[in-house]
Amino acid sequence: KILGIDVAARESGGITQHIRAYTINRNDHPITFVDTPGHEAFTQMRARGANVTDCAVIVVAADDGIMPQTKEAIQHAKKAGKTIIVAINKCDLPGADAMRVMTQLMEFELVPSEMGGDIECVQVSAKTGEGVDKLLELMALQAEVLELRANPKANVRASVIEASVKQGKGVTATVIIESGTLKTGQSFICG
């Protein structure tokens, strides 16, 4: 619901298979997302995603609870020293149990603020859009608390998220810019 499209529906088997980055504007403040695949085969992509973000949003299905890939994503975010927000998804389903998810989080030393800790948990539904505004507000608040600012006039420093060869364009890349300004079509050196 954040982009207004179903990203997974465009992928083979309905499973996200690429790491993607996209930016939205929320109240005149840009929020950049790095969307990593949840399938177990894509562990290196999740680790890469955790390393290039400022805040990790761990998405947990309220009907399934914490799965092996979720455990791995938590470990990647903790190892990278990132602030963690938990989005408890599928809260619109009859079998949803957000309290069970919050209890499971404590097994990983992630204590939800509802239980006296410092981990923010937001109940959302990707299908209906419920709770998405609250999640975005919480992310914007974290950006303020962490004082996340970049100097657009500095030398460009960026991380390549995904690269491919496109006919007629050559090698193209999706990058997350940490500082400076990189314009579409501008050449850069990576290595």
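The model shown is predicted, which means the values in this text are computed figures rather than measured ones.

Each value, and the rule that gives it
- Residues numbered from 1 in each chain as written.
- Predicted model: local features only at pLDDT ≥ 70, side-chain atom pairs only at ≥ 80, totals over all residues.
- Heavy atoms only, no water.
- Pairing = 2+ DSSP bridges.
- Helix = DSSP H or I, 4+ residues; strand = E, 2+ residues; numbered from the N terminus.
- Axes fitted to C-alpha atoms, helices over the stretch in contact; angles between N-to-C directions.
- Contact = heavy atoms within 4.5 Å.
- Expected span 1.5 Å × (residues − 1).
- Buried < 20%, exposed > 50% of the residue type's maximum accessible area, 1.4 Å probe, protein only.

Describing the pairing of strand E7 (residues 170–179)
Then, number 1: Sheet analysis places strand E6 (residues 157–166) next to E7, joined by 9 bridges and oriented antiparallel. Following the sheet pairing, Lys166 is matched in E7 by Gly170.
Then, number 2: Count of turn residues in the E6/E7 antiparallel hairpin: 3 residues, of which Gly168 carries a positive phi of about 85°.

Details of the sheet that holds strand E3 (residues 55–61)
Then, number 1: Across the sheet, which stays open at both edges, the 3 strands sit in the order E3-E4-E5 with parallel pairing between neighbours. With one partner strand each, in any of the chains shown, E3 and strand E5 (120–123) form the two edges of the open sheet. If you compare each strand with its neighbour and ignore which way they point, the axes differ by 25° on average.
Then, number 2: For strand E4 (residues 83–89) and E5, the ladder comprises 4 bridges, and the chain directions are parallel. Opposite Ile85, over in E5, you have Glu120 as the bridge partner.
Then, number 3: Contacts from helix H2 (residues 68–79) reach E3 and E4 within the one sheet, and its direction differs from that of E3 by about 170°.

Side note on unusual backbone geometry
Then, number 1: With a phi close to 65°, Lys90 is a non-glycine residue in the positive phi region.
Then, number 2: Along the chain, Lys90 falls in the loop between E4 and helix H3 (98–105).
Then, number 3: Its identity as a non-glycine residue notwithstanding, Glu109 has a phi of 60°, on the positive side.

A few points about H2
Then, number 1: Compared with the 16 Å implied by 1.5 Å per residue over 12 residues, the 17 Å span of H2 between its first and last C-alpha is a close match.
Then, number 2: Residues Thr70, Glu72, Ala73, Ile74, His76 and Ala77 constitute the buried set of H2.
Then, number 3: Where H2 ends, the next residue or the one after it, Gly81, has phi of about 70°, a positive value.

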